[in-house]
Protein chains: 4
Amino acid sequence: MVGGGEGAYIGNIHRLASRLDGHWQLVAGAFDVDPDRGRAFAIGQGLDPARSYGTCQELIAGESGRADRVDAVAICTPNFTHYPIAKALIEAGFDVICEKPLTATLADAVALERLARESGRFVGVTYTYCGYPMVHEARVRIARGEIGAVRTVQVEYPLEWMAAPIERAGNAQAAWRTDPKKNGRGGSIGDIGTHAYHLAGFVTGLKLDSLTADLATFVNGRALDDNAHVMLRYQGGARGLLWSSQVAIGNSNGVRLRVFGETGSLQWFQEQPNELIFTPLDGRVQTLKRGADEMSVDAKARTRTPPGHPEGYLEAFANLYAGFAEAIRARRENRVPGPIGQNLPLAHDGLKGVAFVEAVVDSAEAADQPWITPVAV
Amino acid sequence: MVGGGEGAYIGNIHRLASRLDGHWQLVAGAFDVDPDRGRAFAIGQGLDPARSYGTCQELIAGESGRADRVDAVAICTPNFTHYPIAKALIEAGFDVICEKPLTATLADAVALERLARESGRFVGVTYTYCGYPMVHEARVRIARGEIGAVRTVQVEYPLEWMAAPIERAGNAQAAWRTDPKKNGRGGSIGDIGTHAYHLAGFVTGLKLDSLTADLATFVNGRALDDNAHVMLRYQGGARGLLWSSQVAIGNSNGVRLRVFGETGSLQWFQEQPNELIFTPLDGRVQTLKRGADEMSVDAKARTRTPPGHPEGYLEAFANLYAGFAEAIRARRENRVPGPIGQNLPLAHDGLKGVAFVEAVVDSAEAADQPWITPVAV
Amino acid sequence: MVGGGEGAYIGNIHRLASRLDGHWQLVAGAFDVDPDRGRAFAIGQGLDPARSYGTCQELIAGESGRADRVDAVAICTPNFTHYPIAKALIEAGFDVICEKPLTATLADAVALERLARESGRFVGVTYTYCGYPMVHEARVRIARGEIGAVRTVQVEYPLEWMAAPIERAGNAQAAWRTDPKKNGRGGSIGDIGTHAYHLAGFVTGLKLDSLTADLATFVNGRALDDNAHVMLRYQGGARGLLWSSQVAIGNSNGVRLRVFGETGSLQWFQEQPNELIFTPLDGRVQTLKRGADEMSVDAKARTRTPPGHPEGYLEAFANLYAGFAEAIRARRENRVPGPIGQNLPLAHDGLKGVAFVEAVVDSAEAADQPWITPVAV
Amino acid sequence: MVGGGEGAYIGNIHRLASRLDGHWQLVAGAFDVDPDRGRAFAIGQGLDPARSYGTCQELIAGESGRADRVDAVAICTPNFTHYPIAKALIEAGFDVICEKPLTATLADAVALERLARESGRFVGVTYTYCGYPMVHEARVRIARGEIGAVRTVQVEYPLEWMAAPIERAGNAQAAWRTDPKKNGRGGSIGDIGTHAYHLAGFVTGLKLDSLTADLATFVNGRALDDNAHVMLRYQGGARGLLWSSQVAIGNSNGVRLRVFGETGSLQWFQEQPNELIFTPLDGRVQTLKRGADEMSVDAKARTRTPPGHPEGYLEAFANLYAGFAEAIRARRENRVPGPIGQNLPLAHDGLKGVAFVEAVVDSAEAADQPWITPVAV
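Please read all numbers here as calculations on a predicted model, not as lab measurements.

### Re the interface of chain C and chain B
So, point 1. Facing the 28 residues of chain C at the interface are 28 residues of chain B.
So, point 2. Summing both partners gives a buried area of about 2,300 Å² for chain C against chain B, and 57% of it is carried by carbon and sulfur.
So, point 3. A per-residue breakdown of the area chain C buries against chain B is headed by C:Leu20, C:His309 and C:Pro310, which together make up 23% of the total.
So, point 4. Applying the counting rule to chain C against chain B returns zero salt bridges.

Given below as structure tokens:
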């Protein structure tokens, strides 16, 4: 692992999630921009001091020479460092698991996606929400035609934690997220709107045609948007509405997806992730439960407990890690991966996410609000 | 009453609602385009045959000559007839209660609003959702500053009933709603989006600056939009997102309003109308209950039963009728109306609704998607 | 109407509910124990002064002599006066609509039920919750066998309003409810537990075999139970658990019924009365919506608005009044009443309610907790 | 680990949960009654073949001689074998983590609890639901007096999976649970009612005074109860109602606890475990969220993710394992354990659970239904 040391939120999530199923073991890391602090953290995690590195360069050098070198490296550093770190790792022959967004700029994303493609290295991107079993269930059912052709998608990702100017009150997480140099051009749209966009595309299988957006910055002095409204037109005629916000008081982590098709609808709310609400045309509102017999192979492969025994965010994250393990193993063994190793978020998804954010910001900045098509969809 | 005879949905609602509190008595009517059927219906309702009219003209003629002439006339006819009927009634000196939309065209709305203003006649418009006590509670709390300055409004009104082409399968209600001549230029946006727009403005007190919209028609052969996405910019900087749909399977009557301010948020869902969800910054999600001691005078004036004894749609509608009665009485008695007679939807609100629909359609039809400002806000 | 004057809660509910559908008109009343206050109230309600009576005796005398005498008299007085008033009315040939409980003592209930039976007078009892359309829907579906033979019933009626000793702080409603002389022997069990018991029996069609109960009085100095736990054994082997409480903070009017059968279950919660939750064996949890096409004739007869347009407590109460009107008309016209005039709560249901409360109190007072069978089931 | 091999549900849960936080490593096991199958399973789990034992006796013999012997042994075998296995392990000096119920008979439970006490060995019992952070939050708030003295407790644990006679259709899990020899005298009450009883006592801190119960067997031919109703009287005057069922269609794992005190109430539903509903007297219904700043030290110690990022059943189970690790470490280091190592379910809780089940069955079998006091509370 690179980054994710003391006090890091997402680094700890990666460690918990990778441990759950026993597919991964944390054996080496460069956890901090401060080499000493990083090494101390590594040793505190029980790592071999020889593999407790001060920098990513040391890690590459140290691991490259080992017979038992790491299978993959997770990148949990701030957005603007993703590209150079990922590039160095890939060029040194390592597989990579990268936090979203793939990179902070579109140019970096295009380059990294090409590098991933040409090198043949595995590059997973942790779009967490597609780790949830009921998100796969929704995807499978739509692909099977259970709600008919999709007409409209309502997707939102509101948060409340940045409703006040906490970045000026010592909150480090908020500070880098509101700094265009570290975060990229998108504020709420880059941090969380990209999750919503990925989720909608993942579940429906739709590709974007164009979008038009309205960004707002409600907290005085903030340099990036903290609220984004986006109207989406998908190829083939479906429409979408996307809302992301960092100032929506009352929302802890309000990812909500609703998909309406010709003959039915599906709804999934991340805070009640074990349920998927299905309504057929002229029929009853019905609750599909994770773990039920009728679930798809795809959902079952991502399920550990029976209905009524809630699984959550860590299990979803663990499903991504289990999937990455399976995909890497299958490639080595030259076989098709099992269900959990399929439909994973990869470099191209990362590129699409960055391209979406760029297009949203471009649209919002254009005086005449044209409909804009991202460079990758 | 004019219109609202045999088989009419909204006419029956008007009768039920007006009866509940004993403020109104139905004594005269011209209920049908077919004079005989209208007269028969009137007699079936227990009306005096002398006041069971065949046409609106007859009603005006008949009532004008009576000492006990009706206090007001409710108009429950198709949209395109609202204007001529209302005009004739107002010019004959009657007060009017008009179904929304006020008129089918913008020109008619402008004319009718001016006529209402200049004549001094009372013209109420039945924007039902502002009859709910918890909608008033939300309005009062925002006006008091309980959530600070409003930042973003999420409002939606999805329905499912027109997901299939039922207008071609004999459904009369769907038939006139999809006929531009009878309904006006807006499909879902005119039929229900206008309710959502009114509700958002009513609760927040915000006035629109401009909007940009995307309309879609998902049912083949339908002449008007059945799904509308609108981005709103309010005066002063607040933003909004509005969705209306007639094809959103799973939604019976899904009016939902969420308002996010600097220091708190409020949420109200029409299908659970007795509750208002309030969250203060850094605080807990809390449920305000209709009928509770802490409710405002405005909410209490619209409440008949204690908490836990659900009131619903008919009570909300009855609150409008009670308010219209109080406003008319207060005018006659030359006094300020009590709380239930204040904050009523009147002709100017009706005009704003029509202007909004026009602006949405104009925006959607404009190739370059400019931000458009309605002629009345 | 007898009782239900100034400040009375339930009297006003009776007036609102009886007015909604236009079947009843309030034309006479003796509204108060204070004759002058009662007459003043009547006149304030717009009644003819000649029919604004000071006492029930005056009402009987006055109405008996009129050609247009009242069709029925609603009794909204405190429990212990129900019997003498009802008796006098029935003996004078009036039909009666009586608030629950039918009487304050078992002996009175037995006598009144016999009088009703032998006189042929109509005696309706306002067990409100069986006025809800979805309660009828549950009853119909169970009778049709949609959940198989009933195994267990979970029914509860918790309230919070008497969690503190408000009867000693001037609350008149609480004062008579905690006075054994005015209320009868059952506290929470008599006031609200009897509703729960009636609802469970009404929906399932089950008759009680025996019960065992545990009563508690949590507010110091209160003379009657304010919390009741009852285990039920129905004839045929089904079981039940009943909880009533006047001290359950957080519950406004928490009537909840859950019925589990061999092949499915049904759940209904009074605060969300427009929905009925149905789950078949090995199937999905499904929401049945009031107003949907698939609803039974019985539910539709009690429905005024489409799905998504909430109906509530007043509409349920109005359904009882509509049902009483239909039953009385059908008797006069010597025909079978329509659906709304069937399955009404009548004198025998009132007797069963009183017998249930007596058995609960007897069981709780018996040192050895035997299973007790009420005298009427 | 003893038991929990191929096809075992709960064994896998133990493995997942113990792995999550990195406190435990699975290094030895005797996973199956069939020694060969057990050894093969162990090797499949990646264990050292030398520590892949065929029987518990082999495990004891093998581990006793090692310097790196296991820290503790988890017992995941059928109920009736808990006692002999735990006894042998404790006598050989091992700490033990035992699935509930502690034993299948009261005599065994009494003996095992004494042995645990006298030996000083650690004996944890996996009452899963007290691993949830919001259950601790409820406990802390009640102990702090936030709802005043507890008046009544409503606790239930309904399941649907045994609504049909699946034990006769090849379901092994159902087969041993319905066999008195393997399961003990309590059916639903022993399998799940004991969880509900423990949860209620854990959260409120109340000790039982006495109970009276009604057991039913709804599936023909089943030898044990599949539905239990119990009325509880706690020391000090509080009351409770407990329902457990294996035939309640619509309930996946419906653990629900509601506690009503003098000045407030708390509600927790296992299927929405990240929330705790709090209502103060005369106040608003409020949602407490896991992970929020205002949570207690006890809840925070059991929390890995922020509000809105759902944790679930595995995390609760992992909290027990983390607590057991901390308690064992603290004992070795002769210090007070940190918060996660406190308030753990231990042998005495196991004994109380078995004594409760015995008392319930005794009460139900007694013809005269006396109130019965369990031998340990």
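### What to know about the sheet that holds strand E4 (residues 123-125) of chain D
All names here are of chain D.
So, point 1. Pairing is parallel in the open sheet, where four strands are placed in the order E1-E2-E3-E4. Because the sheet does not close on itself, it has two edges, and the strands there are strand E1 (2-3) and E4.
So, point 2. In this sheet, strand E2 (residues 72-76) lies alongside E1 in parallel orientation, the contact comprising two bridges. When the sheet's bridge partners are listed, Gly 3 is paired in E2 with Cys 76.

### Remarks on the side chain of D:Arg290
Residue and element names in this part refer to chain D.
So, point 1. Inspection of the secondary structure assignment puts Arg 290 in the loop between strand E12 (285-289) and helix H10 (297-300).
So, point 2. Residue classification places Arg 290 among the buried positions, given a relative accessible area of 2%.
So, point 3. A polar side-chain atom of Arg 290 sits 2.7 Å from the main-chain carbonyl oxygen of His 309.

### Details of the interface of chain A and chain B
So, point 1. Listed as interface residues are 46 residues of chain A and, on the opposing side, 46 residues of chain B.
So, point 2. Of the roughly 3,400 Å² buried between chain A and chain B on both sides combined, carbon and sulfur atoms contribute 59%.
So, point 3. Linking chain A with chain B are six salt bridges.
So, point 4. Across the pair A:Arg258 and B:Glu156 runs a salt bridge, and its minimum N-O distance is 2.7 Å.
So, point 5. Counting across the chain A and chain B interface gives 18 residue pairs in polar contact (both at pLDDT 80 or more).
So, point 6. Taken together, the elements giving at least two residues each to the side of chain A that touches chain B come down to strand E5 (150-158), strand E6 (208-216), strand E7 (227-234), strand E8 (239-245), strand E9 (256-261), strand E10 (264-269) and strand E11 (275-280) of chain A.

### A word on the packing of aromatic side chains
So, point 1. In the structure shown here, the tally under the stated rule is 48 aromatic pairs over all chains.
So, point 2. Between the aromatic rings of A:Phe122 and A:Phe324, the centroid separation amounts to 5.5 Å while the plane-to-plane angle is 65 degrees, which identifies the pairing as edge-to-face. Within this pair, whereas A:Phe122 is found in the loop between helix H5 (106-119) and strand E4 (123-125), its partner A:Phe324 is found in helix H11 (residues 313-332), the two being separated by 202 residues in sequence.
So, point 3. The class of A:Phe324 is buried, set by a relative accessible area of 0%.
So, point 4. A network of ring pairs unites the aromatic residues A:Trp24, A:Phe122, A:Tyr129, A:Tyr132, A:Tyr157, A:Trp268, A:Tyr313, A:Phe317, A:Tyr321 and A:Phe324 as a single cluster.
So, point 5. The cationic tip of B:Arg69 hangs over the ring face of B:Phe94; the distance from NZ or CZ to the ring centre is 3.9 Å.
So, point 6. Sitting over the face of the ring of B:Trp371, B:Arg233 holds its NZ or CZ atom 3.9 Å from the ring centroid.

### A short note on the UniProt feature "domain: GFO/IDH/MocA-like oxidoreductase" (unreviewed entry) in chain A
So, point 1. Within this numbering scheme, the UniProt entry marks residues 136-266 of chain A as carrying the feature "domain: GFO/IDH/MocA-like oxidoreductase" (unreviewed entry).
So, point 2. Between the C-alpha atoms that bound residues 136-266 of chain A there is a distance of 12 Å. The span itself is 27% helix and 32% strand.

### Remarks on the domain arrangement of chain A
All names here are of chain A.
So, point 1. Partitioning chain A into structural domains gives domain 1 (2-128) and domain 2 (132-306 + 347-364).
So, point 2. On a C-alpha basis, the centres of domain 1 and domain 2 stand 26 Å from each other.
So, point 3. Taken residue by residue, the interface counts 22 residues in domain 1 and 22 residues in domain 2.
So, point 4. The contact between domain 1 and domain 2 buries some 1,800 Å² in all, and 63% of this surface belongs to carbon and sulfur atoms.
So, point 5. At the surface where domain 1 touches domain 2, the tally comes to two salt bridges.
So, point 6. With a shortest N-O distance of 2.9 Å, Arg 304 and Asp 21 are connected by a salt bridge.
So, point 7. For the interface between domain 1 and domain 2, the tally reads seven residue pairs in polar contact (both at pLDDT 80 or more).
So, point 8. Going through the elements one at a time, helix H1 (9-20), H5 and E4 are the ones with two or more residues in the side of domain 1 that touches domain 2.
So, point 9. Element by element, the count of residues in the side of domain 1 that touches domain 2 is highest for H5, at five residues.
So, point 10. By residue class, the composition of the side of domain 1 that touches domain 2 is 13 nonpolar, six polar and three charged.

Definitions and limits used
- Per chain, the residues get numbers from 1 upward, laid out in the order the sequence is written.
- Numbering of ligands from 1 and lettering of chains from A proceed in the order in which they are written.
- Per-residue local features of the predicted model are confined to residues with pLDDT of at least 70, and side-chain atom pairs are confined, for both listing and counting, to 80 or more; whole-chain, interface and lining totals are unaffected and use all residues.
- Only hydrogens and water are removed before side-chain values are computed, so all heavy atoms of the structure are retained for them.
- Throughout, a residue-residue contact means that at least one pair of heavy atoms, one from each residue, lies within 4.5 Å.
- Buried area: the sum, over both parts, of the accessible surface (1.4 Å probe) that disappears when the two are put together.
- Any carboxyl oxygen of Asp or Glu within 4 Å of a side-chain nitrogen of Lys or Arg constitutes a salt bridge here.
- A pair of strands is treated as paired once DSSP finds two or more bridges between them.
- To qualify as a helix, a DSSP run of H or I must reach at least 4 residues; to qualify as a strand, a run of E must reach at least 2; elements of each kind are numbered from the N terminus.
- Three labels apply to residues, based on accessible area from a 1.4 Å probe with only protein chains included: buried if under 20% of the type maximum, exposed if over 50%, partly exposed otherwise in between.
- Pairing of N or O atoms within 3.5 Å defines a polar contact, subject to two protein rules: one partner must be a possible hydrogen donor and the other a possible acceptor, and residues neighboring in sequence count only if both atoms are side-chain atoms.
- Pairing of aromatic rings covers Phe, Tyr and the six-membered ring of Trp, with a centre-to-centre limit of 6.5 Å; geometry is then stacked below 30 degrees between planes, edge-to-face above 60, and tilted otherwise.
- Think of it as a cone above the ring: NZ of Lys or CZ of Arg counts as a charge over the ring if it is within 6 Å of the ring centre and within 35 degrees of the ring normal.
- UniProt positions are given in the numbering used here, feature names are shortened, and annotations may be inferred rather than shown by experiment.
- Residue ranges labeled as domains rest on an automatic or database domain assignment.
- Three classes are used: nonpolar for Ala, Val, Leu, Ile, Met, Phe, Trp, Tyr, Cys and Pro, charged for Asp, Glu, Lys and Arg, and polar for all others, with Gly counted as polar.

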